[in-house]
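# Reading the structure
Given next are the chains, with one letter for each unit.
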Amino acid sequence: MSLEIEHDCPECGESQEFYRAASTTVHLGEKTKWRCTECDYGFVLIDGEVDSSA
């Protein structure tokens, strides 16, 4: 998995670059925490499917 992704940031109001802040394996799959490089807004992805920013 990459260390950076493009994702919509609700704080900035546009698509921003996010960096991978942490990751771990849980019973649902890989849990990855992402942070916006501009405002530090964060969200979690679990196996690339469950998105806490939605």
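Note that this is a predicted model, so its numbers are computed, not measured. What you see as residue numbers is a count from 1 along each chain, following the sequence as written. Where totals are concerned, whole chains, interfaces and linings use all residues; where local detail is concerned, this predicted model gives features only for residues with pLDDT of at least 70, and gives and counts side-chain atom pairs only at 80 or more. Excluded from the side-chain calculations are hydrogens and water; all other atoms, namely the structure's heavy atoms, are used.

### As for the overall build of the chain
Applicable threshold: Where helices and strands are cited, they refer to DSSP runs of H or I of at least four residues and of E of at least two residues respectively, numbered from the N terminus. The quantity called the radius of gyration is restricted to C-alpha atoms. Its globule counterpart is 2.2 Å times the number of residues to the power 0.38. Partly exposed describes any residue whose relative accessible area lies between the buried limit of under 20% and the exposed limit of over 50%, with all areas from a 1.4 Å probe on protein chains only and scaled to the type maximum. Any two residues whose heavy atoms approach within 4.5 Å at even a single point are treated as in contact. Computed by Shrake-Rupley with a 1.4 Å probe, the accessible areas treat only the displayed protein chains as cover when residues are assessed. Within this scheme the basic residues Lys and Arg register as positive and the acidic residues Asp and Glu register as negative, but His and the chain ends are omitted. Charge positions are represented by NZ for Lys, CZ for Arg, CG for Asp and CD for Glu.
Across its full length, the chain holds zero helices and five strands. Start at the N end of the chain and walk to the C end: the helices and strands fall as β-β-β-β-β. Relative to the compact-globule value of 10 Å for 54 residues, the chain shows a C-alpha radius of gyration of 11 Å, a close match. For the chain, the spread of C-alpha atoms along the principal axes amounts to about 35 × 20 × 15 Å. Burial analysis of the chain (54 residues in total) assigns 22% to the buried set. Across the chain, the fraction of contacts at a sequence separation of at least 24, relative to all contacts at a separation of at least 6, is 20%. Accessible surface computed for the chain: about 3700 Å², of which carbon and sulfur atoms make up 44%. Once the 4 positive and 12 negative side-chain charges of the chain are each reduced to a mean point, those two points are 12 Å apart.

### Examining the environment of F43
Along the chain, F43 falls in strand β4 (residues 42–46). Sequence spacing of F43 and P10 is 33 residues, and the spatial spacing of their C-alpha atoms is 11 Å. Among residues more than four places away in sequence, those in contact with F43 are I5, H7, F18, T32, K33, W34, D51, S52 and S53.

### What about the confidence of the model for the chain?
Rules: One confidence number per residue, pLDDT, is output by the predictor and ranges from 0 to 100.
Confidence in the prediction for the chain averages 90 pLDDT; 96% of positions are at 70 or higher. Here strand β5 (residues 50–51) stands out as the element of the chain with the lowest mean pLDDT, 74, in contrast to strand β2 (residues 14–26), whose mean of 95 is the highest.

### Comments concerning the packing of aromatic side chains
The geometry of an aromatic ring pair is captured by two quantities: the separation of the ring centres and the angle between the planes. Stated precisely, the cut-off is as follows: We call Phe, Tyr and Trp rings a pair once their centres come within 6.5 Å, taking the six-membered ring for Trp, and we label the pair stacked below 30 degrees between planes, edge-to-face above 60, and tilted otherwise.
Applying the stated criterion to the full structure yields one aromatic pair. When the centroid spacing of 5.1 Å and the interplanar angle of 75° are considered together, the rings of F18 and F43 count as edge-to-face. Here F18, found in strand β2, pairs with F43, found in strand β4; they are 25 residues apart in sequence, far enough to count as distant. Residues F18 and F43 agree in their burial class; the two are buried.

### Observations concerning the environment of I5
Within the secondary structure layout, I5 lies in strand β1 (residues 4–9). C-alpha separation for the pair I5 and A21, spaced 16 residues apart in sequence, amounts to 12 Å. Look past the residues within four positions of I5 in its chain and what remains in contact with it is Q16, E17, F18, W34 and F43.

### Some points on the sheet that holds β2
Definition in use: The pairing criterion is simple: DSSP has to find at least two bridges between the two strands.
Spatially, the five strands line up as an open sheet ordered β1-β2-β3-β4-β5, and their pairing is antiparallel. The sheet terminates laterally at β1 and β5, the two strands that pair on one side only.

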